[in-house]
Amino acid sequence: MGTGTKKKILIVEDETQISRFLQLELEHENYDCTVVADGREALAVALDGDFDLIVLDVMLPSLNGIEVLRRLRQERQTPVIILTARDQVVDKVTGLDIGADDYMTKPFAIEELLARIRLHTKRAAAPAAFLAVGKLAINPEARVATYDGHPVDLTKKEFDLLEYLMRNRNIVVSREKLLDAVWGFDFYGSTNVVDVYVRYLRSKIDDVYKIDLIETVRGAGYVIR
Ligand code: CA
């Protein structure tokens, strides 16, 4: 992204005073702002646009911010800062659980919000912090996997195998290739170990969430589509 490109921020807030204030402050900081006041509309705009960050109020008409975030995370990993009222501790916790990157409690200091926006838009510019396939999301750096917001507990090798298959999405990967990539060239076991670990992953993801994540391609290997 060139230095002349403005970062795009989606402001989702139904209190006009707050959204106007945010818009003015953010535009002053040279962000390109879109303002939406309704939950359903916000979800549609967020999925349709290519935003660098979303500031998301929780209490919204038609669809609350938590639900907007939950549905957004099924398809997008756009950084989200949720805005909660002072007494909405549950919203804060739920928001972080389902994939908010940060939260601010109203009333907030604009300088603090701006600092967090800078932080999270910077992180978003780094290469693929998250990988997602449907409701399954992994963060290779933090080595965290979630399905629809629920943590999936994986061992190191299970995680490595899943990450490799997700990075090679739609490509059928042979057992030999997986063995090299995940276990390394110095591994002297048979390729059966790959089948065993695919079985482990299926028991933790496919079986639990009733999906067919890892497809077996007979005689060729495995693929995640
Ligand atoms: Ca509100």
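Numbers given to residues run from 1 along each chain, matching the order in which its sequence is written. Thresholds applied to this predicted model are a pLDDT of at least 70 for local features of residues and 80 or more for the giving and counting of side-chain atom pairs; totals over whole chains, interfaces and linings are not thresholded and use all residues. Values shown for side chains rest on all heavy atoms present in the structure; no hydrogens or waters enter the calculation.

Now for the packing of aromatic side chains. Each aromatic ring pair is described using two quantities: the centre-to-centre distance and the angle formed by the ring planes. In summary, the pairing rule links any two rings of Phe, Tyr or Trp, Trp by its six-membered ring, whose centres are within 6.5 Å, and it sorts them by plane angle into stacked for under 30 degrees, edge-to-face for over 60 and tilted for everything else. For the coordinates displayed, the defined rule picks out three aromatic pairs. Ring centres of Trp183 and Tyr197 lie 5.2 Å apart, and the angle between their planes is 70°; on these two criteria the pair is classed as edge-to-face. Separated by 14 residues along the polypeptide, Trp183 in helix H7 (residues 175–183) and Tyr197 in helix H8 (residues 192–209) bring together distant segments of the chain. Ring centres of Tyr197 and Tyr200 lie 5.0 Å apart, and the angle between their planes is 75°; this geometry places the pair in the edge-to-face category. On the criterion of helical spacing, the pair formed by Tyr197 and Tyr200 is a turn pair, its members being three residues apart in helix H8. Clustering of aromatic rings is evident, with ring pairs tying together Trp183, Tyr197 and Tyr200. Whether a charge sits over a ring depends on NZ of Lys or CZ of Arg being within 6 Å of the ring centre and within 35 degrees of the ring normal. Geometry around Phe51 places Lys8 over its ring, the cationic atom sitting 5.2 Å from the centre. Here a strand is any run of E in DSSP of at least two residues, a helix any run of H or I of at least four, and the numbering for each starts at the N terminus.

Attention now moves to the coordination of the calcium ion. Here a donor is any nitrogen, oxygen or sulfur atom (N, O, S) within 2.8 Å of the metal, with 3.2 Å used for Na, K and Ca; water is not among the atoms considered, so some sites may look incomplete. Only Asp14 (OD), Asp57 (OD) and Met59 (O) from the protein reach the calcium ion as donors, at distances of 2.1 to 2.3 Å. Between consecutive donor residues of the calcium ion, the sequence gaps follow D-x42-D-x1-M. Of this pair, Asp14 sits in the loop between strand S1 (8–12) and helix H1 (16–28) while Asp57 sits in strand S3 (residues 53–57), and the two are 43 residues apart along the sequence.

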